[in-house]
Structures are given as structure tokens and as C-alpha cells.
Amino acid sequence: MGKLITINYAFAEFENNFINTGQAVYEEKDRAQELLIEELNHALQLFADGVSDKKAGGKGKRRGGRMNDQQYFQSTSLSYRLKAAERELEALCSGEAYVKLRAEYEGVIRSQNAAIKRLQKERDSFSFSRKEIMRQWMDVLEDVQKEHDFTAMVLTIRNAWCISSVTSGTA
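Calculation rules
Residues numbered from 1 in each chain as written. Predicted model: local features only at pLDDT ≥ 70, side-chain atom pairs only at ≥ 80, totals over all residues. Heavy atoms only, no water. Helix = DSSP H or I, 4+ residues; strand = E, 2+ residues; numbered from the N terminus. Contact = heavy atoms within 4.5 Å. Areas by Shrake-Rupley, 256 points an atom, 1.4 Å probe, with all protein chains shown as cover. pLDDT = per-residue confidence, 0-100. Expected span 1.5 Å × (residues − 1). Buried < 20%, exposed > 50% of the residue type's maximum accessible area, 1.4 Å probe, protein only. Axes fitted to C-alpha atoms, helices over the stretch in contact; angles between N-to-C directions. Parallel < 35°, antiparallel > 145°, perpendicular 65-115°, else oblique. Nonpolar A, V, L, I, M, F, W, Y, C, P; charged D, E, K, R; others polar.

1. Focus: the overall build of the protein
Per the secondary structure count, the protein includes three helices and zero strands. Taken from N to C terminus, the helices and strands of the protein fall in the order α-α-α. Residue pairs in contact within the protein that sit at least 24 positions apart in sequence constitute 79% of those at least 6 positions apart. Surface summary for the protein: the accessible area is close to 14,600 Å², and the carbon and sulfur share equals 60%.

Written out as C-alpha cells, the structure is:
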């Protein structure tokens, strides 16, 4: 009985964790997208400031006409990230990302349903086992009851015989 309760508790906890995990994944994805958009906007602003400084004759925050390695790496990295974000935005706008997310979600749901069915089957097997054990105990108790009834009948007959022999005086 204790194992059945443990399985039912684990099953309920599994369902709650699955629902909470799904919500957390979507919230985390939204936060990551917002952070990326903020960072890209900042990078675009820096890039726009650099272009406007160049058009104004180089009188601004820029120190010289050549970029050092760190500035080159940063601008290259930001441009790659910008292109990736643009592709992601395009996928979200066209609906491709939602189709992909839906397919991933359905895959997760299928695997969770398989796990749920496995747990239910295990729970049912314990329930069947419990019923089978109860049936066996009932069979044993019936056998004990029959033996008791038989012994009681034999003793009743012996007592009756003893009483009859005492009263008749032939004992």
C-alpha cells in the first residue's frame, strides 16, 4: 500500500513539475529575447554613433581611423548576433519558429504521456498484486474456517458421546 501511495504521489509531482517546467521554459525564452533585443539596440546605437562621427569628420568619441583587435572582434561578433537575431525575428514573424516550437512541445508531450502510461501501468500492477494477495488470504482464511468448523463438529460429537456414555453408565 505504501508503494502505491508513493507512486501516486510521484505521478502527481511529475505532472506538476512538467507544467511548471513548460511555463519556465517559455518565460526564460522571452527574457532571453528581450535581453538580446536590448543588447542589439545598444550595439546598433554604438554603430550609428560611430558612423555619424565618421561623417562629421571624425570629431567624436572615436580615437583614430583604425580599429584595434578588441573593437574588430566586438563589431564582428555583434554583426553576427544581429544577423542571427534578424533571422530569428523573421522566423517568428513568418510562423516557422512557432511550428518548430509546437513540434518540440508535442514531442515532449508524447514522451511525458509515455512516462505517465508507464507509471499508471506500474500502479495498476501493484493494485492487481494487492487484490491477488487479498484473494489468497481470503482462501487461507476460508480453509482455516473449514478446519475450525470440522474440529468443532468432531469435538461436539465426542462430547455428545462422552455425555451419553456417562449418563448411560457404560464409560
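2. Points about the confidence of the model for the protein
Of the residues in the protein, 74% have a pLDDT of 70 or more, and the chain-wide mean is 78. Mean pLDDT across the elements of the protein bottoms out in helix α1 (residues 2–55) (67) and peaks in helix α3 (residues 96–168) (89).

3. Observations concerning helix α2 (residues 69–94)
Helix length check: α2 (26 residues) gives 37 Å between terminal C-alpha atoms against 38 Å at 1.5 Å per residue, within 8%. When α2 is considered as a whole, its buried residues turn out to be Thr 76, Leu 78, Ala 85, Ala 91 and Leu 92. Looking one or two residues past α2, Gly 95 carries a phi angle of roughly 100°, positive in sign.

4. Quick notes on the packing of α2 against α3
Two elements in contact, α2 and α3, have axes whose closest approach is 4 Å; the angle formed by their N-to-C orientations is 80°. Judged on the interaxial angle alone, α3 and α2 are roughly perpendicular. Contact residues: α2 offers Ala 91, Leu 92 and Ser 94, while α3 offers Glu 96, Ala 97 and Tyr 98. When the residues that make up the contact of α2 with α3 are grouped by side-chain class, the tally is four nonpolar, one polar and one charged.

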